[in-house]
Amino acid sequence: MAKTIYTEEYKIFQKLLKKAREEAGLTQVDVAEALKAPQSFISKIEAGDRRIDVIEFWNLAKLYKKPVDFFFKFDDKSELKSKKKSLKAASTKRKSK
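Attention in this report is confined to the structure presented alongside it. What you see as residue numbers is a count from 1 along each chain, following the sequence as written. Residue-level local features of this predicted model are given only where pLDDT is at least 70; pairs of side-chain atoms are given and counted only at 80 or more, and the full residue set underlies all totals for whole chains, interfaces and linings. Only hydrogens and water are set aside when side-chain values are computed; all heavy atoms of the structure are taken into account.

Observations concerning helix 4 (residues 54-64)
At step 1: Turning to helix 4, its buried residues number three or more, namely Glu56, Phe57, Leu60, Ala61 and Tyr64. For helix 4, the arc enclosing every buried residue in end-on projection is 135°, short of the 170-degree limit, so these residues lie on one face. With respect to the buried face of helix 4, the exposed residues turned more than 90 degrees away are Val54 and Ile55.
At step 2: Here, two residues are considered to be in contact whenever any of their heavy atoms come within 4.5 Å of each other. A helix here means a DSSP run of H or I that spans at least four residues, while a strand means a run of E at least two residues long, and both kinds are numbered starting from the N terminus. Buried-residue contacts for helix 4 involve helix 1 (8-23), helix 2 (28-35) and helix 3 (39-47).
At step 3: In protein, a polar contact means a hydrogen-donor-capable atom and an acceptor-capable atom, both N or O and within 3.5 Å, with residues adjacent in sequence counting only if both atoms are side-chain atoms; elsewhere, any N or O pair within 3.5 Å suffices. Among the residues of helix 4, the N-terminal cap falls to Asp53, whose side-chain oxygen and the backbone nitrogen of Ile55 are separated by 3.0 Å.
At step 4: Just downstream of helix 4, Lys65 is the residue with a positive phi angle, here 55°. Buried residues are those whose accessible area, probed at 1.4 Å on protein chains only, stays under 20% of the maximum for their type, while exposed residues exceed 50% and partly exposed ones sit between those limits. Here the arc refers to the directions that run from the helix axis out to each C-beta atom.

See the structure below:
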């Protein structure tokens, strides 16, 4: 079983963390200061270089003023669908050559 940090769901989770921060009008520096952590802490989380535990996640959700379920839109997989469509379009073009 692959580590969760490398799954498509975790990639969606990372993007949603960044989106929530941006929608809250916060920079990585703002978040780091609020959590009393270095800016690199936030950067590594958003880049997928560092996993977060449940309490860190809960603190981020509160800071971003988002309900916890905002970060778990895996059924939607809208991020993945756009990638698959692009790949499908590319493979269709190859077939027509």
